[in-house]
Structure formats: C-alpha cells, structure tokens
Amino acid sequence: MTIKLGLIGDNIAASKAPHLHRTAGQLTGVEVTYDRLVPKEMGLTFDDVFAQAQASGFRGLNVTYPYKELVVKKVTVSNPLVRAIGAVNTVVFTPDGPHGHNTDYSGFVRAYRSKRDENPGKVCLIGTGGVGKAVAFGLIALNAKEIRLVDLDSDKAHELAEALIAFAPDIQVTVSSDAITAAHGADGIVNCTPLGMGGIGGTPLPADAMRGASWAFDAVYTPVDTQFLQDAARADLGIISGYELFFGQGIDAWDIFTGIAIDHEALRAAI
C-alpha cells in the first residue's frame, strides 16, 4: 500500500516537507509519495486542487500559506482549540470526509520548550494569518504574560485578539499596525509573516528595534538563517529557528496521517 500525501501552497518549491515525510516512510518501511501542489502552477483554484486530491486517493494534505484559513471551511474540525485558532495546516481524508488539524500550534510549543525553560513574557507577534493564529494560541499555552499583535490588516488582528481573549480572558492582548512600537519593551519577538522566505526576502522589523528583547522566533524556515534571525542574533537574543517548528509540526502531522511510531531523533538525523 502506498500512502499518498501532499502539500498545497504558493511558493513551496523549497519546502522540506516532501523530504521529511518520504524519509519517515523509508525509516518505517512504508511507501510514501508526497507531492507539491501549487494551484497557480496547475492552472486551478485551491478548491479544485483540494477536490482533486480527495478524489484521487490522497491520505492527507499539509496546507500552507496562503490557504490555512480558507481550508477551514472545507473540513470537520473536532478539536475546540483548533476551532478557536481558525486555521488548519493538516488535513486527513476519511470515509466521513476531510478532517482538519493544526500542528503549527503543537509544533511551536514543542519548538519553544526545546530551547527555553522561561515564560515567554511580553511578546510582539508580527503577522496574524494562519501560522500567526497558531503561534498566538501556543503562547497562551506557554503562559505568556502579554501578546502584542501586529498586522497591517486591522480587522484580522482584532479578530484574533477577540478569539484569544475569549479563550484566555486573563491574558493581556493589544493590537497595533506598527511593529517598531509594539516591539519596544517586549521580551520575545515573533515573525509570522512570509517576509524572509526564499523568493520573497525582507524582514518585518528593523534590527535596531530588537534590542532589549530576550528571544526571537521566525516561522520562516526556508531559508533557516533568515535576515530576521541574523539581526536577532546580532542583538544577542536567544534564537528559535522556524526549522524547529517545521520539524515539530512534521512529526505531529506524520502521526495524524499514519499513526505509525517513528524515532524522532533518527528522523531528524536522516533529514
């Protein structure tokens, strides 16, 4: 039996997800195929690609930028936390229809705890799209003291703020369109925008605005060493790479897709 998996997203040529899941198959003795599915390159809409995958025997899909929120309308989400996040990055096709999960959330929590024992403190989170939502709820799970949401789309940021407060009424959540102001006095600075990604480039925050913070996390992992993280390192912040979220969400997705146990360290070494 072949397990057919795939990734739907834009600008995913450099994604390491195919390598992770194919390698997991090799390590566990399972034949795995994993396809990159880019709607624009296929001349199809997201809905068309999703339907095509479901009809052609795919076991499941990873979903990335910019479709994590769009796909929520097409799946059943059983976990109330994932419903609160409002974004899905892992879909399993079952006889009862497609079911949605969010391993960005669990992957971020795993990544943070692998590098830091301390409370996240006051956090400036830039970008409130799909991965931003997952990371924000992860910060709640990690007992962050304050979350400052930054997005040029004020409606989107306020919507996330309301969801966070409804889920955790005691947490302080603010919204801003100015990353420099929101970063002032923050303990942690988080990039959840696509800025810095291969083919896009850039950084969401000037290097000088990072000074005084303790740690930084970048959800971008292609490349691993983004300008954002280079600037953070020069400002003496502790670094949490987006690769750690990628690996954490990947092993969680593998478990959801297959239920087959795998040696995490062996997989990390192999990829």
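First, a word on scope: everything that follows refers to the structure included in this document. On a predicted model such as this, the values are computed, not experimentally measured, just so you know. (Residues numbered from 1 in each chain as written. Predicted model: local features only at pLDDT ≥ 70, side-chain atom pairs only at ≥ 80, totals over all residues. Heavy atoms only, no water.)

### Quick look at a negative patch on the surface
Thinking step 1. Judged by side-chain charge, Asp-153, Asp-155, Glu-159 and Glu-162 come together as a negatively charged surface patch.
Thinking step 2. Residue position: Asp-153 is located in the loop between strand S7 (146–150) and helix H7 (154–167).
Thinking step 3. Residue Asp-153 is classed as partly exposed on the basis of its relative accessible area of 37%. (Patch = residues over 30% accessible without salt bridge, like charges linked within 9 Å, V, L, I, M, F, W, Y side chains within 5 Å. Areas by Shrake-Rupley, 256 points an atom, 1.4 Å probe, with all protein chains shown as cover. Salt bridge = Lys/Arg side-chain N within 4 Å of Asp/Glu carboxyl O. Lys, Arg positive; Asp, Glu negative; His and termini not counted. Charge placed at Lys NZ, Arg CZ, Asp CG, Glu CD. Helix = DSSP H or I, 4+ residues; strand = E, 2+ residues; numbered from the N terminus. Buried < 20%, exposed > 50% of the residue type's maximum accessible area, 1.4 Å probe, protein only.)

### Examining the packing of helix H5 (residues 103–115) against helix H6 (residues 130–141)
Thinking step 1. In contact at an axis separation of 8 Å, H5 and H6 are set at 50° when each is read in the N-to-C sense. The orientation of H5 relative to H6 falls into the category oblique. Considering how the two elements wind past one another, H5 and H6 form a crossing that is right-handed. Contacts between H5 and H6 pair Asp-104, Tyr-105, Phe-108, Val-109 and Arg-113 from the former with Val-131, Ala-134, Val-135, Phe-137, Gly-138, Leu-139 and Ala-141 from the latter.
Thinking step 2. Partitioned by chemical class, the residues of the contact of H5 with H6 number nine nonpolar, one polar and two charged. (Axes fitted to C-alpha atoms, helices over the stretch in contact; angles between N-to-C directions. Parallel < 35°, antiparallel > 145°, perpendicular 65-115°, else oblique. Left-handed = near helix turned anticlockwise from the far one by under 90°. Contact = heavy atoms within 4.5 Å. Nonpolar A, V, L, I, M, F, W, Y, C, P; charged D, E, K, R; others polar.)

### Some points on the packing of aromatic side chains
Thinking step 1. Using the criterion set out here, one finds nine aromatic pairs in the structure.
Thinking step 2. Ring geometry for Phe-137 versus Phe-167: centroids 5.5 Å apart, planes at 75°, classification edge-to-face. Placement of the pair is Phe-137 in helix H6 and Phe-167 in helix H7, with a sequence separation of 30 residues.
Thinking step 3. Looking at Phe-167, the relative accessible area reads 42%, which means it is partly exposed.
Thinking step 4. Aromatic ring contacts, followed pair by pair, group Phe-46, Phe-50, Tyr-67 and Phe-93 into a single cluster. (Phe/Tyr/Trp six-rings, centres within 6.5 Å; stacked < 30°, edge-to-face > 60°.)

### A few points about the nonpolar core
Thinking step 1. By size, the foremost hydrophobic cluster in this structure holds 34 residues, and its most contacted members are Leu-125, Val-135, Leu-139, Ile-147, Leu-164 and Phe-217.
Thinking step 2. Where this core is concerned, the elements lending two or more residues are helix H4 (80–85), H5, strand S6 (122–126), H6, S7, H7 and strand S10 (215–218).
Thinking step 3. For this core, the leading source of residues is H6, giving seven residues.
Thinking step 4. Apart from residues lying up to four places away in sequence, Phe-217 is in contact with Phe-108, Val-135, Ile-189, Val-190, Asn-191, Phe-228, Leu-229, Ile-240, Ser-241, Gly-242 and Leu-245.
Thinking step 5. Leu-7, Val-32, Val-38 and Phe-257 belong to the second largest nonpolar core, which has 22 residues in total. (Core = buried A, V, L, I, M, F, W, Y, C linked by side-chain atoms within 4.5 Å.)

### A closer look at the sheet that holds strand S9 (residues 188–191)
Thinking step 1. Spatially, the six strands line up as an open sheet ordered S8-S7-S6-S9-S10-S11, and their pairing is parallel. Two strands close off the open sheet at either side, each with one partner strand: strand S8 (172–176) and strand S11 (238–240). Between one strand axis and the next, the sheet turns by 15° as a mean value, whatever way the strands run.
Thinking step 2. As paired elements, S6 and S7 share five bridges and run parallel to each other. Within S7, the position partnered with Cys-124 by the bridge is Arg-148.
Thinking step 3. Strand contacts of H6: S6, S7, S9 and S10, with the helix running at about 170° to S6, the strand carrying the most contacts.
Thinking step 4. Sheet strands in contact with helix H9 (residues 227–234) are S9, S10 and S11, and its direction is about 170° off that of S10. (Pairing = 2+ DSSP bridges.)

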